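Per-entry structural report
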Amino acid sequence: MAAVTPTKVTFTQGQCELDSVVQLAQPTPDGDIYVVTETTPFHPVSHIWPDHPADRGTLTADGKSADVKDCLTGAFNTADGTLHVGKDIPVKRDEEGWHFVVVHLIDSGIDIKTGDTVSLLVDADYQQALSRGHSGAHLTALALNKVLHEGYWRKEASRIDPLGHYDFHSYAEQTSFVEADRCIDSYRLGKTLRKRGLNSADMVADLADIETKVNLILAEWLTAGEGVNMARKGDTLTDSRYWQSKAGGQDIEIPCGGTHIQSFKELGSLKVKLVANSDQEVVMTTLTTPAR
Ligand SMILES: [Zn+2]
């Protein structure tokens, strides 16, 4: 049985192109091919928290290129040699005998075998647009926390964000979707959050004012043009990764699996829109543009 090792990833280091050896090429139930390589520049969508879309790009073997139609997280069972993809992964990341891998989905039009060397090329423009949206969203969440901390909590909350503010974002976040140059976070303002001390009715009533304040903070933070670093415990897909930057001169570290810009100088603008869908739900849209 061929050895399939945990995939080494380079998307945290900003590397978009490399050659690697195929460890597994297997037909899918739909007639496509799953390709697993030793190393990849592709960021796969997470099967647990699919907030950041898969990278796009191409895989080239023997002079023939195929689009990577999707890029998924997989787990290879070393005992029986089976590959489990996406929602079919039955184990957690540290389970003995399972190797987590990046699975490239391509059309069956090209001939790929285990042991072949293939070229992997990520669509850097698309990845950077996702990275701008994702890095921007980390700052907007912190700026929203700051504004709410200063006027919308009547009790102390135990969960504090990296800037020392009550962590509304973490308490209330229901879903998060990164897209090219944007991120959409939806927040639930339920009974529990009111009991914790958030004056959610005031928050909804003052939403336009809060939006203005958040945008002022973001403009100030952006001016500093801080760097962004992805610290990681190792080079495989499941090694813990941390987003590190600064806002208002203070250090920030957030556990995060996505792809990111390397500096806030890469943003031309960073803004939020806040909309209340009901008295129970607020949607925050983070909008970024590339620097010119
Ligand atoms: Zn993140």
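One can find the structure itself at the top, above this paragraph.
Residues numbered from 1 in each chain as written. Predicted model: local features only at pLDDT ≥ 70, side-chain atom pairs only at ≥ 80, totals over all residues. Heavy atoms only, no water.

**Section: the coordination of the zinc ion**
Rules: Note that water is not among the atoms used; donors are N, O and S atoms within 2.8 Å of the metal (3.2 Å for Na, K and Ca), so sites may look incomplete. Strands here are runs of E lasting at least two residues and helices are runs of H or I lasting at least four, both read from the DSSP assignment and numbered beginning at the N terminus. For each residue, the accessible area found with a 1.4 Å probe, counting protein chains only, is set against the maximum for its type, and the residue is called buried under 20%, exposed over 50%, and partly exposed in between.
Each protein donor to the zinc ion is listed here as His 134 (NE2), His 138 (NE2) and Cys 256 (SG); together their distances run 2.0 to 2.2 Å. Donor residues binding the zinc ion come from one chain and are separated in sequence as H-x3-H-x117-C. In this pair, His 134 and His 138 both sit in helix H1 (residues 124-149), four residues apart, roughly one turn of the helix. Overall, the relative accessible area of 14% leaves His 138 in the buried class.

**Some words on the nonpolar core**
What counts, and what does not: We call a set of buried Ala, Val, Leu, Ile, Met, Phe, Trp, Tyr and Cys residues a nonpolar core when their side-chain atoms join them within 4.5 Å.
Membership of the largest hydrophobic core comes to 42 residues, with the highest contact counts inside it found for Phe 168 and Met 203. Contributing elements (two or more residues each) for this core: H1, helix H2 (168-172), helix H5 (207-223), strand E14 (241-247), strand E15 (250-255), strand E16 (267-278) and strand E17 (281-290). With 34 residues, the next largest nonpolar core counts Phe 42, Phe 76, Ile 112 and Leu 237 among its residues.

**Things to note about the environment of Ile 210**
The criterion, for reference: Residue contacts are defined here by distance: any two heavy atoms, one from each residue, within 4.5 Å place the two residues in contact.
In this structure, Ile 210 sits in helix H5. For Ile 210 and Tyr 152, which are 58 residues apart along the polypeptide, the C-alpha to C-alpha distance reads 10 Å. Every residue in contact with Ile 210, bar those within four places of it in the chain, is listed here: Leu 144, Val 147, Leu 148, Tyr 152, Met 203 and Leu 274.

**Quick word on the packing of H1 against H5**
Our working definition: As a rule, the C-alpha atoms of each element are fitted with a line to give its axis, helices using only the stretch in contact, and angles between N-to-C directions run from 0 to 180 degrees. By the definition adopted for this analysis, an angle is roughly parallel if under 35 degrees, roughly antiparallel if over 145, roughly perpendicular if from 65 to 115, and oblique otherwise. Crossings are classed by handedness, with left-handed meaning an anticlockwise turn of the near helix from the far one by less than a right angle and right-handed meaning a clockwise turn. Residue polarity follows a fixed list, in which Ala, Val, Leu, Ile, Met, Phe, Trp, Tyr, Cys and Pro are nonpolar, Asp, Glu, Lys and Arg are charged, and the others, Gly among them, are polar.
Where H1 contacts H5, the two axes come as close as 9 Å, and the packing angle between them is 125 degrees. With respect to their mutual orientation, H1 and H5 come out oblique. Of the two elements, H1 crosses H5, and the hand of that crossing is right-handed. Along its contact with H1, which presents Leu 139, Thr 140, Leu 142, Ala 143, Leu 144, Lys 146, Val 147 and Leu 148, the element H5 presents Ile 210, Lys 213, Val 214, Ile 217, Leu 218 and Trp 221. Of the residues assigned to the contact of H1 with H5, the class counts are 11 nonpolar, one polar and two charged.

**Things to note about the pattern of salt bridges**
Let me state the cut-off plainly: Salt bridge, as applied in this entry: a Lys or Arg side-chain nitrogen positioned within 4 Å of an Asp or Glu carboxyl oxygen.
Applying the stated criterion across every chain yields a total of seven salt bridges. In this structure, Lys 146 engages Glu 150 in a salt bridge whose closest nitrogen and oxygen atoms are separated by 3.3 Å. For Glu 150, a relative accessible area of 55% translates into the label exposed.

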